[in-house]
Amino acid sequence: MTNNAGITLPWPDKALELPQLASLPPDPDLAQARAATAAVELPQAVAGGDVEQVGSRIVLAFPTDLAQFPERTEFTARFRELSQLVSLGGSNATNIAQLAVRANTDRDLLERLLRIYGYYDATVTQSIAGLDPGQDQPSKDTKVRFDVQPGARYRFGAIDLGALPATGPDYPMLRSAFGIQSGDPLYSDHIVTARGKLDIALAENGYAFEKVPDADLLVDHRREQGDLTVPVTPGGKYDFGTIVSEMPRFLSARHLQEIARFKPGDLYKRSDVDDLRKAMYATGLVASVTATPIESRPPSDGTPGAVTLDIGMTKAKLRTIAGLVGYDSGDGFRLEGSWEHRNFFPPEGMLRLRAVAGTKEQLVGVTVRKNNFHGRDRVLTFDLYADTVQRTAYTARTLSFTATFEKLTTLIFQKPWTWGVGVELVATDEAEGV
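From a predicted model like this one, the values you see are computed outputs, not experimental measurements.

Caption draft 1: Quick look at the overall build of the protein. Helix and strand counts for the protein come out as eight helices and 17 strands. Relative to its 434 residues, the protein shows a buried fraction of 35%. Taking the intrachain contacts of the protein between residues at least 6 apart in sequence as the baseline, contacts between residues at least 24 apart amount to 57%. When the accessible surface of the protein is totalled, it reaches about 24,900 Å², and 56% of it is carbon and sulfur.

Caption draft 2: Focus on the pattern of salt bridges. A complete count under the given rule lists 21 salt bridges for this structure. In this structure, Arg-391 and Asp-331 form a salt bridge, with 2.6 Å as the shortest nitrogen-oxygen distance. Residue Arg-391 is found in the loop between strand E15 (378–390) and strand E16 (394–407), and its partner Asp-331 is found in the loop between strand E11 (319–328) and strand E12 (332–341); the two are separated by 60 residues along the sequence. The exposure class assigned to Arg-391 is partly exposed, which follows from its relative accessible area of 27%. One salt bridge connects Arg-342 with Glu-340, and the closest N-O pair in it is separated by 2.9 Å. Connected through shared salt-bridge partners, Asp-220, Arg-222, Arg-223 and Asp-227 make up one network.

Caption draft 3: Layout of the sheet that holds strand E7 (residues 225–229). Taken together, the three strands give an open sheet; going across it, the order is E5-E7-E6, and neighbouring strands pair in mixed fashion. Of all strands in the sheet, those bounded by a partner on one side alone are strand E5 (155–160) and strand E6 (216–220). On average, each strand axis in the sheet is inclined to that of its neighbour by 25°, with strand direction left out of account. Where E6 lies against E7, five bridges are found, and the strand directions are antiparallel. Residue pairing in the sheet places Asp-220 in a bridge with Gln-225 of E7.

Caption draft 4: Local environment of the environment of Asp-160. By secondary structure assignment, the location of Asp-160 is in strand E5. We classify Asp-160 as partly exposed; its relative accessible area is 39%. Discounting residues that sit within four places of it in the chain, Asp-160 has contacts with Leu-228, Thr-229 and Val-230. A polar contact is formed between the side chain of Asp-160 and the backbone nitrogen of Gly-162, at a distance of 3.0 Å.

Caption draft 5: Up close: helix H5 (residues 171–178). If you check which residues of H5 are buried, you get Leu-174, Arg-175 and Phe-178. Within H5, the buried residues cover an arc of 100° as seen down the axis, which keeps them to one side. Residues of H5 that are exposed and point over 90 degrees away from its buried face: Pro-172 and Ser-176. Packed against the buried residues of H5 are E5, helix H6 (188–203) and E7. At the exit of H5 stands Gly-179, carrying a positive phi of roughly 90°.

Caption draft 6: Inspection of the pairing of E12 at higher detail. Note: E11 against E12, 10 bridges, orientation antiparallel. Bridged to Ile-321 within E12 is Trp-339. The antiparallel hairpin formed by E11 and E12 contains three residues in its connecting segment. Pairing analysis gives eight bridges linking E12 to strand E13 (residues 349–358), with the strands arranged antiparallel.

Caption draft 7: Geometry of H6. Along its 16 residues, H6 runs 23 Å from first to last C-alpha, staying within 8% of the 22 Å computed at 1.5 Å per residue. Listed in full, the buried residues belonging to H6 are Ile-191, Ala-194, Arg-195, Leu-198, Ala-201, Leu-202 and Ala-203. Buried positions along H6 lie against E5, H5, E6, E7 and helix H8 (270–282).

Caption draft 8: Here's a closer look at the sheet that holds E11. With antiparallel pairing, seven strands are arranged side by side in an open sheet as E11-E12-E13-E14-E15-E16-E17. A strand with exactly one partner marks an edge of an open sheet, and here the two such strands are E11 and strand E17 (419–432). Across the sheet, the axes of successive neighbouring strands diverge by a mean angle of 5°, strand direction being ignored.

Caption draft 9: Region of the structure containing the packing of H5 against H6. The geometry of H5 relative to H6 is characterised by a closest axis approach of 7 Å and an angle of 150° between their N-to-C directions. The orientation of H5 with respect to H6, classified from their angle, is roughly antiparallel. Each of Leu-174, Ala-177 and Phe-178 in H5 lies in contact with H6, whose residues at this interface are Ala-194, Arg-195, Lys-197, Leu-198, Ala-201 and Leu-202. When grouped by side-chain class, the residues that make up the contact of H5 with H6 number seven nonpolar, no polar and two charged.

Caption draft 10: Just the side chain of Asp-272, in detail. Here Asp-272 lies in helix H8. Buried charge without a salt bridge: Asp-272, with Lys-269 as the nearest opposite-charge side chain at an N-O distance of 5.4 Å. For Asp-272, the residues in contact, after removing those within four places along its chain, are Phe-240 and Phe-262.

Caption draft 11: Region of the structure containing the packing of aromatic side chains. Scanning the entire structure with this criterion turns up 17 aromatic pairs. Centroid distance Tyr-117 to Tyr-187: 4.8 Å. Interplanar angle 20°. Geometry classified as stacked. Remark: Tyr-187 occurs in the loop between H5 and H6 and Tyr-117 occurs in the loop between helix H4 (96–116) and strand E3 (123–129); sequence separation between them is 70 residues. A residue is classified by how much of its surface remains accessible, and Tyr-117, at 0% relative accessible area, is buried. Take Tyr-187: its relative accessible area is 9%, and that puts it in the buried class. Between Tyr-120 and Tyr-154 the ring centres are 5.3 Å apart and the planes differ by 40°, which places this aromatic pair in the tilted class.

Caption draft 12: Expanded view of the side chain of Asp-170. The topology assignment puts Asp-170 in the loop between E5 and H5. Classification of Asp-170 as buried rests on a relative accessible area of 15%. Among the polar contacts made by the side chain of Asp-170, one reaches the side chain of Lys-237 at a distance of 2.9 Å.

The rules we used
Residues numbered from 1 in each chain as written. Predicted model: local features only at pLDDT ≥ 70, side-chain atom pairs only at ≥ 80, totals over all residues. Heavy atoms only, no water. Helix = DSSP H or I, 4+ residues; strand = E, 2+ residues; numbered from the N terminus. Buried < 20%, exposed > 50% of the residue type's maximum accessible area, 1.4 Å probe, protein only. Contact = heavy atoms within 4.5 Å. Areas by Shrake-Rupley, 256 points an atom, 1.4 Å probe, with all protein chains shown as cover. Salt bridge = Lys/Arg side-chain N within 4 Å of Asp/Glu carboxyl O. Pairing = 2+ DSSP bridges. Axes fitted to C-alpha atoms, helices over the stretch in contact; angles between N-to-C directions. Polar contact = N/O pair within 3.5 Å; in protein donor to acceptor, adjacent residues only side chain to side chain. Arc of directions from axis to C-beta. Expected span 1.5 Å × (residues − 1). Parallel < 35°, antiparallel > 145°, perpendicular 65-115°, else oblique. Nonpolar A, V, L, I, M, F, W, Y, C, P; charged D, E, K, R; others polar. Lys, Arg positive; Asp, Glu negative; His and termini not counted. Phe/Tyr/Trp six-rings, centres within 6.5 Å; stacked < 30°, edge-to-face > 60°.

This is how it looks when you write it as structure tokens:
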């Protein structure tokens, strides 16, 4: 370079000498994958085992005797849903190391699933077949094989359900709802199901403050058993007391008691509380609901106590304004509007005002509707309107009043039978021509 204008640094006299870079350590996953490929061809079955194809690259081998693993079909389907080789794709793995990582993850998954089914001494052997020595890329013949040896299936040993025996006469029914007995196969999923069933049984039989915490399973490999502890706290038996509304001017306690499916003195049931919560949502007046039982009288001498149901809520949008403007060559201009307040007359008293101003029709009307009127889904409606129509063939002036009382079915609370009664009074003056 002859023109070095603006360059102040001296030009190097000799080429730069870069330090020698250290070689990267070998990939352990790739080394493990190569070590696992002793066989080039995947055998059709191991001695005494059945082979089942799970995915394009996955094979599971099980003992031939189904008695050693009776849950094999369910187990395989569950593994297929969770397998990384299936979900991430074993066939599109770019190299053997990637395939080996996914295979290792699936082997850990198989071991966890076997423990869920109670096989705590199970062994899973992983191998990759269909590789040539030194091959780094999987081919269409490369497959991952898992040989599953379940071993002995553990069973439930001692079962401790905390203070559940304190429920006295209800204990046999509640213990039966839990279901698991000593000596049953140790299936971990059954613990979750049993806890849920016991929780429901307690809450549906008066135990308003019951607690069924997480279970503690202690596995003893020497006995091949698992001791189960669930520290249940029944908390006493209760009847329904009164209902208290935190917003009495919006939805009063009396109104909530009318739409509830329980009365004071009835045995407490969580499903009845949930039903009341659904009924409140069905009104369209609330955005959220909380129902909290509060002890008002403790149990004594085998007599159930009483709980007050404290109802909290937040309001939903209560007003709606709608309008329509149009023109028709036959009817001319038409302006239509309405205003609605769904709780203008608490509780659940709707007021709707509507009007039509048009070339050939004018109307004013008012509608009052009381939902859940002295009972669930009972509706009382009053409608009054005055209407004037001017057509080429006739003119009409109408004053109408309608009152109806009906029992409705809804999407949430469907009924096989509905009924309704009503009365309509109409006064009209009609004449031919304009």
